[in-house]
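# Structural characterization, general
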Amino acid sequence: MSRMIPTPNAGYDAHKPAEITRLVRLSGVTKAEMPLLPLITLSILGGAFISFGALFYTQTTSGFVDINGALKLMGGIAFSLGLILVVIGGAELFTGNTMIVMAYVDRRISTLALMRNWSVVLIGNALGCIAVLALVQGAGLLDGSHGARAAAIAEAKISLTPLEAFCRGILCNALVCLAVWLAVSARSTLGMILSIIWPVSAFVAIGLEHSIANMYLIPAGALSGADISLAALMHNIVPVLLGNIIGGAGIVALAYRLAYGRNLAEEQVVAAE
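Rules used throughout
Residues numbered from 1 in each chain as written. Predicted model: local features only at pLDDT ≥ 70, side-chain atom pairs only at ≥ 80, totals over all residues. Heavy atoms only, no water. Helix = DSSP H or I, 4+ residues; strand = E, 2+ residues; numbered from the N terminus. Rg over C-alpha atoms; globule rule 2.2 N^0.38 Å. Buried < 20%, exposed > 50% of the residue type's maximum accessible area, 1.4 Å probe, protein only. Contact = heavy atoms within 4.5 Å. Salt bridge = Lys/Arg side-chain N within 4 Å of Asp/Glu carboxyl O. Expected span 1.5 Å × (residues − 1). Disulfide = S-S within 2.5 Å. Core = buried A, V, L, I, M, F, W, Y, C linked by side-chain atoms within 4.5 Å. Axes fitted to C-alpha atoms, helices over the stretch in contact; angles between N-to-C directions. Parallel < 35°, antiparallel > 145°, perpendicular 65-115°, else oblique. Left-handed = near helix turned anticlockwise from the far one by under 90°. Nonpolar A, V, L, I, M, F, W, Y, C, P; charged D, E, K, R; others polar. 1 Å grid on protein atoms, 1.4 Å probe; cavity = no way out; pocket = protein on both sides within 12 Å on 5 of 7 lines; lining within 4 Å. Points joined across faces, edges and corners; volume = space filled by probe spheres on them. Patch = residues over 30% accessible without salt bridge, like charges linked within 9 Å, V, L, I, M, F, W, Y side chains within 5 Å. Areas by Shrake-Rupley, 256 points an atom, 1.4 Å probe, with all protein chains shown as cover. Polar contact = N/O pair within 3.5 Å; in protein donor to acceptor, adjacent residues only side chain to side chain.

## Focus on the overall build of the protein chain
For the protein chain, the count of helices and strands is 11 helices and zero strands. Here the C-alpha radius of gyration of the protein chain, 19 Å, is about what a compact globule of 273 residues would show, namely 19 Å. With the principal axes as the frame, the protein chain shows a C-alpha extent of 60 × 60 × 35 Å. Counting all 273 residues of the protein chain, 49% fall into the buried class.

## Describing the environment of G247
Tracing the sequence through the fold places G247 in helix α11 (residues 230–260). Setting aside residues no more than four positions away along its own chain, G247 makes contact with I170, N173, A174 and V252.

## Looking at the pattern of salt bridges
Considering all chains together, one arrives at five salt bridges under this definition. The residue D106 makes a salt bridge to R25 at a minimum N-O spacing of 2.4 Å. You can see D106 sitting in the loop between α5 (101–105) and α6 (111–138) and its partner R25 sitting in helix α1 (residues 17–32), a full 81 residues away along the chain. Exposure class is identical for D106 and R25. Each is buried. Residues E209 and K157 are paired through a salt bridge, measuring 3.2 Å at the closest nitrogen-oxygen approach. Of this pair, E209 sits in the loop between α9 (189–206) and α10 (211–223) while K157 sits in helix α7 (residues 144–158), placing them 52 residues apart in sequence. Overall, K157 belongs to the buried group, its relative accessible area being 10%. One salt-bridge network, held together by shared partners, links R25, D106 and R257.

## As for α10
For α10, with 13 residues, the first-to-last C-alpha span of 18 Å sits near the 18 Å given by 1.5 Å per residue. Burial within α10 is extensive, with 11 of its 13 residues counted as buried. For α10, the set of buried residues is S211, I212, A213, N214, M215, Y216, L217, I218, P219, A220 and G221. Elements that come into contact with the buried residues of α10 comprise α2 (36–60), α3 (69–90), α4 (94–97), α6, α7 and α11.

## Quick word on the state of the cysteines
Such a bond, covalent and formed between the sulfur atoms of two cysteines, is termed a disulfide. Taken as a whole and assessed by the stated rule, the structure comprises zero disulfides. Cysteine C172 is unpaired, with the sulfur of C177 as its nearest cysteine sulfur at 9.0 Å. Judged by its relative accessible area of 0%, C177 is buried.

## Observations regarding the nonpolar core
If you look at the biggest cluster of nonpolar residues, it comprises 72 residues, and the most contacted ones within it are F79, L83, M99, I109, V200, F203 and Y216. Not counting chain neighbours up to four residues away, the residues in contact with V200 comprise G76, F79, S80, L83 and A179.

## Digging into the packing of α7 against α10
Two quantities define a packed helix pair, namely the angle between the axes and the distance from one axis to the other. Here α7 crosses α10 at 115°, and the two axes come no closer than 7 Å. Classed by the angle they form, the pair α7 and α10 counts as roughly perpendicular. Taken as a pair, α7 and α10 cross one another with a handedness that is left-handed. Along the contact surface, α7 presents A150, A151, I153, A154, K157 and I158, while α10 presents N214, L217, I218, A220 and G221. Of the residues that constitute the contact of α7 with α10, the class distribution is eight nonpolar, two polar and one charged.

## Quick notes on empty space enclosed by the protein
Under the definition given, this model contains one cavity of 30 Å³ or more. The wall of the largest cavity is formed by I50, F79, S80, L83, L93, V176, V200, F203 and H210. Those elements giving two or more residues to the lining of the largest cavity turn out to be α3 and α9. Considering each element in turn, the lining of the largest cavity owes the most residues, three residues, to α3. Looking at the lining of the largest cavity residue by residue, the class counts come to seven nonpolar, two polar and no charged.

## Side note on a nonpolar patch on the surface
On the surface, L73, I77, L190, L194 and W198 cluster together into a nonpolar patch covering about 500 Å² of accessible area. Listing elements by their share of the nonpolar patch, those giving two or more residues are α3 and α9. Here the nonpolar patch gets three residues from one element, more than from any other, and that element is α9. Tracing the sequence through the fold places W198 in helix α9.

## Topic: the side chain of T98
Mapped onto the fold, T98 is located in the loop between α4 and α5. A polar atom in the side chain of T98 sits 3.3 Å from the side chain of N173. Once residues within four sequence positions are removed from consideration, T98 is found in contact with W118, N173, C177, N244, I245, G248 and A249.

Functional significance is not addressed by these values, which are geometric in nature.
Structure (structure tokens):
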């Protein structure tokens, strides 16, 4: 009977951090150079996918008097659907695209290209959220216990101070981008799914703030009877959005760039200017 010879990396076939850094940087160049039609289409899908996760989260946690730790974890797992669809199904999401700064600081893309991507994706994500929200309203899903839960979620979000919303936005997108980072390390669909679920479940269970999800959740609450004005919506969205940029671009992308970026073999440099 022949003996099995151990293969290198047996039991650990994930990409290592330095390779993840290289792949994320290359992905940033691809995203920044994407033609407008695919970019806006995938951005709308990104907003719709995150809205599906938010809808699933709302339904999972509706009908309960006490939203306790275990139920928050269940809701977080349900919300993970959104990022799973984005990463594996293929879509553009503003919060994940904050990591494009890795390509920017290495002069792979220009300031204009970075701003173009962020602005188009943000608008597309908002349109995707609005589209799903309209369908949810038309389907009568914002009635009963689901509507009551949607209103409670929205009211809790707009009650945050700008500083609270900003800090929760930073922490949230650090976890979201770490979920994407871990998914890049995986070599199988199952590995990607498992990589995404835990960081996303953590941010939801903790009660952190995701700007794109809030573009669905807060208007859903307003349609369910919560007293929310446009000013109240922006009172949440603006600081959360700024926090999300810092959390994704600074805490994840630039930190890993400092740790591993200078040790990578240089790819062919495309003039950014």
